[in-house]
Amino acid sequence: MRKLVTLTTDFGTRDAYVAQLKGVLYAQGPRDLDVIDLSHEIGPQQLLEAALFVRAAWPRFPAGTIHLVVVDPGVGSARKALACAHAGQLCVGPDNGVMSLALGHELRAVALQPARFVTGAVSATFHGRDVFAPAAARLAQGAALELLGESVSELQRLTWPAPSVGRSELRGQVLHIDRFGNLISNISREHLAGLHEPRVRVAGATELQLVRCYADAAVGGSCALIGSSDLLEVAVSSGNAAERLGVGVGAEVVVIFSVGQ
Amino acid sequence: MRKLVTLTTDFGTRDAYVAQLKGVLYAQGPRDLDVIDLSHEIGPQQLLEAALFVRAAWPRFPAGTIHLVVVDPGVGSARKALACAHAGQLCVGPDNGVMSLALGHELRAVALQPARFVTGAVSATFHGRDVFAPAAARLAQGAALELLGESVSELQRLTWPAPSVGRSELRGQVLHIDRFGNLISNISREHLAGLHEPRVRVAGATELQLVRCYADAAVGGSCALIGSSDLLEVAVSSGNAAERLGVGVGAEVVVIFSVGQ
Amino acid sequence: MRKLVTLTTDFGTRDAYVAQLKGVLYAQGPRDLDVIDLSHEIGPQQLLEAALFVRAAWPRFPAGTIHLVVVDPGVGSARKALACAHAGQLCVGPDNGVMSLALGHELRAVALQPARFVTGAVSATFHGRDVFAPAAARLAQGAALELLGESVSELQRLTWPAPSVGRSELRGQVLHIDRFGNLISNISREHLAGLHEPRVRVAGATELQLVRCYADAAVGGSCALIGSSDLLEVAVSSGNAAERLGVGVGAEVVVIFSVGQ
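A brief report on the enclosed structure follows. (Residues numbered from 1 in each chain as written. Chains lettered and ligands numbered in written order. Predicted model: local features only at pLDDT ≥ 70, side-chain atom pairs only at ≥ 80, totals over all residues. Heavy atoms only, no water.)

### Topic: the pairing of strand β4 (residues 81–86) of chain A
All names here are of chain A.
Piece 1. Among the six residues of β4, five are classified as buried, and the element is accordingly described as predominantly covered.
Piece 2. Looking at chain direction, β4 and strand β5 (residues 89–94) are connected through six bridges and run antiparallel. In the sheet register, A85 faces β5, and the bridge partner there is L90.
Piece 3. Remark: two residues form the turn of the hairpin made by β4 and β5, two consecutive strands paired antiparallel; A87 in that turn has positive phi of roughly 50 degrees.
Piece 4. Relative to strand β6 (residues 108–112), β4 runs antiparallel, the two being bridged by four bridges. Paired with A83 across the strands is V110, a residue of β6. (Buried < 20%, exposed > 50% of the residue type's maximum accessible area, 1.4 Å probe, protein only. Helix = DSSP H or I, 4+ residues; strand = E, 2+ residues; numbered from the N terminus. Pairing = 2+ DSSP bridges.)

Put into structure tokens, the structure is as follows:
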């Protein structure tokens with residue numbers, strides 16, 4: 001039965017790091033293993049960005065998929081190495097808060113013990129190649145999670161900023177800017193549910209009405225909408241909102257609403 | 001029998017959009033489906049660039065390949081969603097002119113009716129994930145084109161500029177600049193066939209003779225040649241013509257030729 | 001039996017060059033061929049960078065893997081086209097010194113004779129698509145190396161700078177800067193073996209002690225260590241050494257050591 005192993009890293013592909021990971025997976029995994037690139041363009045050491053990525057991507061994959069996510073500023077230190085099971089899928093990577101933030105704390109997790117499954121040497125600077133890829137290869141071979149390490153209950157915690165709610169406004173911020181320059185905020189569809197006549201304000205721009213899709217605004221016009229990950233975003237139709245409005249990650253996003261009678 | 005699904009998008013890979021597409025394809029497609037990345041680096045919303053890409057890439061693939069091409073500034077609007085058959089291959093994407101420009105109007109096409117094949121919700125901003133990937137997965141399952149929508153005869157038209165022909169010169173322009181800085185024009189091998197002693201002029205540089213390959217020019221020297229997609233290009237041997245000559249997309253390219261007796 | 005074909009190029013993915021390569025491989029190769037992207041981000045025409053990449057990546061792959069490496073400023077000239085066998089793996093690409101530098105001169109190599117295996121036309125500017133991919137497809141079909149061309153003994157030579165050894169210091173240089181800004185030098189683990197109290201100096205920065213991993217230095221602090229390819233590198237913990245120290249490829253790296261009694 002075919003085994004999918006996905007890769008999410010901050011390695012880029014100009015260096016040979018991803019190539020080495022793939023070599024190890026194909027050399028140590030079963031013959032029917034397929035490696036799927038998700039991203040190697042996570043910002044270097046950007047844990048929140050990695051968590052936002054994982055949160056959006058993983059729920060789309062079929063049961064049995066093994067996800068390797070390696071953003072690992074603490075490589076070689078005492079930080080734990082993890083393998084986790086979540087909703088029928090498996091994931092492997094450093095204990096840096098990415099998995100618990102993206103997937104919740106209901107993970108069944110083990111702290112990897114490399115001596116149980118690594119045959120070669122383990123470098124102090126590249127556990128993606130020397131620990132995580134061999135662990136993923138063993139899981140793809142069908143090994144049970146518990147064979148690779150000891151159960152852990154406390155995982156590293158990472159949080160993203162929560163919006164603050166006032167009587168007539170909701171204050172959040174820009175979490176991420178995508179390739180199109182859309183400003184993706186920490187305000188979710190659920191936060192907006194039930195608010196009367198919400199309008200959105202970013203960077204001193206005029207108040208934006210919520211639209212349904214980019215093309216609902218005039219070409220070149222700013223708009224606000226609920227994006228494909230159920231988060232409020234500010235966009236410019238056929239344009240780049242980050243450049244147009246001159247804002248970056250962390251900028252304030254305010255939703256003003258009418259107080260119902 | 002193995003099913004190849006290729007991806008051509010303007011999504012980049014820093015965001016999770018491509019990852020979500022892949023998840024849907026693997027979750028909804030047959031077990032022997034393989035996803036092949038062609039490009040996620042098409043310039044944001046650059047339809048002509050996408051068409052030039054598709055024109056070069058698709059003829060190389062085997063019969064039965066399914067191509068997903070999603071450059072979709074009109075997502076969520078009334079623009080049609082298409083699945084097409086062309087020369088033994090299938091393609092899926094928005095009706096934005098890319099397919100008809102790249103492949104000609106001899107496409108057998110249907111306007112997708114998502115209700116026929118989408119089981120979940122359809123967002124207003126990400127039809128790549130919610131409409132096109134499910135359609136490609138169904139085609140990979142073996143579904144006939146006509147099962148997914150109603151036949152359409154009129155597709156959106158997109159054109160690229162044609163060169164103008166004079167008595168002793170041909171005036172075209174730069175369509176694309178590749179990674180090496182080569183200036184790729186809209187003048188084809190066929191346009192040049194039969195011209196006497198053609199010389200090429202770009203951006204006020206001295207007239208260039210046509211050579212056969214980059215290495216035929218001195219290192220650092222400018223040259224003109226028929227590139228691998230049968231289009232006239234201007235290059236600098238072991239260098240970057242766009243930087244050297246300071247020109248961009250849209251710059252004029254003139255071919256001067258001798259008028260035969 | 002499954003056949004893996006890896007790709008390492010300087011093509012980028014905004015242009016259709018990689019897509020065309022993949023099309024040819026899938027169209028001409030056996031049905032169980034899988035194409036694996038290693039990198040398309042090798043710097044344009046950067047042969048040393050390609051060799052450093054290959055040296056790190058290939059040893060990780062399983063026996064039988066076929067590697068295509070195309071960095072080819074001399075395309076269309078008299079430079080040979082090669083297929084080589086090395087340590088149970090195969091590689092295909094131009095005779096530009098990359099393979100012999102990365103893998104040593106103990107290669108069993110043939111100079112490809114396209115007439116033996118190419119059915120279509122061969123362009124003068126894109127042998128990746130028209131010569132190397134068809135050759136790789138034939139090797140994946142099981143063809144013997146010797147079927148594709150004539151044995152060659154003398155390959156193009158390429159060298160990287162060797163460090164110079166003095167009585168109390170070793171002088172090397174920065175070969176490569178990775179995505180994290182780490183400065184990777186031409187000084188290897190073997191060069192350092194047996195040196196007393198080595199300290200590292202780059203760009204007039206204070207002398208750095210060798211540490212084991214990035215996290216052993218204070219956050220934001222500079223350090224030196226033996227990286228995952230057994231080369232000395234200078235890093236900034238959770239930061240970017242190239243930016244911090246303002247150095248680039250070619251900058252001097254000096255190891256000072258104590259002269260034992």
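Following the structure, the description resumes.
### Side note on the interface of chain A and chain B
Piece 1. Listed per partner, the contact involves 35 residues of chain A and 35 residues of chain B.
Piece 2. For the interface between chain A and chain B, the tally reads three salt bridges.
Piece 3. The partner of E49 of chain A in a salt bridge is R14 of chain B, and the shortest N-O contact between them spans 2.7 Å.
Piece 4. Summed over the shared surface of chain A and chain B, the number is 15 residue pairs in polar contact (both at pLDDT 80 or more).
Piece 5. Secondary structure elements with two or more residues in the side of chain A that touches chain B: β2 (33–39), α2 (47–57), β9 (169–177) and β13 (222–226) of chain A. (Contact = heavy atoms within 4.5 Å. Salt bridge = Lys/Arg side-chain N within 4 Å of Asp/Glu carboxyl O. Polar contact = N/O pair within 3.5 Å; in protein donor to acceptor, adjacent residues only side chain to side chain.)

### Here we look at the sheet that holds β2 of chain A
All names here are of chain A.
Piece 1. As summarised here, the arrangement of the seven strands in space is β2-β1-β3-β5-β4-β6-β7, forming an open sheet in which the pairing is mixed. The sheet is open, and its two borders are formed by β2 and β7 (149–152), each paired with just one other strand. Averaged over all adjacent pairs, the angle separating strand axes in this sheet is 25 degrees, with direction ignored. (Axes fitted to C-alpha atoms, helices over the stretch in contact; angles between N-to-C directions.)

### So, the sheet that holds strand β3 (residues 66–70) of chain B
Residue and element names in this part refer to chain B.
Piece 1. In spatial order, the strands read β2-β1-β3-β5-β4-β6-β7; together these seven strands make up an open sheet with mixed pairing. Since the sheet does not close on itself, it has two edges, and those belong to β2 (33–39) and β7 (149–152), each with one partner. Recorded for the sheet is a direction-independent mean angle of 25 degrees between the axes of neighbouring strands.
Piece 2. On top of the sheet, helix α1 (residues 17–28) reaches β1 (3–9), β2 and β3; it is set at about 155 degrees to β2, its chief contact.
Piece 3. In the packing of helix α4 (residues 127–140) onto the sheet, contacts are made with β1, β2, β3, β4 (81–86), β5 (89–94) and β6 (108–112), and the angle to β3 comes to roughly 170 degrees.

### Notes on the relation of the copies chain A and chain C
Piece 1. When chain A is fitted onto chain C, the two copies agree to an RMSD of 0.0 Å after a turn of 120 degrees and an axial shift of 0.0 Å. Such a turn and shift between the copies fits a three-fold axis.
Piece 2. Mapped onto chain C, only 11% of the interface residues of chain A are again interface residues, and the two copies thus contact each other with different surfaces. (Least-squares fit on C-alpha atoms with pLDDT ≥ 70 in both.)

### Here we look at the packing of helix α1 (residues 17–28) of chain C against helix α4 (residues 127–140) of chain C
All names here are of chain C.
Piece 1. At a minimum axis distance of 9 Å, the contact between α1 and α4 shows a crossing angle of 35 degrees. In terms of crossing hand, the pair formed by α1 and α4 is right-handed. Together, Q20, L21, V24, L25 and Q28 of α1 and G128, R129, A133, P134, A136 and A137 of α4 make up the contact between the two elements.
Piece 2. When the residues that make up the contact of α1 with α4 are grouped by side-chain class, the tally is seven nonpolar, three polar and one charged. (Left-handed = near helix turned anticlockwise from the far one by under 90°. Nonpolar A, V, L, I, M, F, W, Y, C, P; charged D, E, K, R; others polar.)

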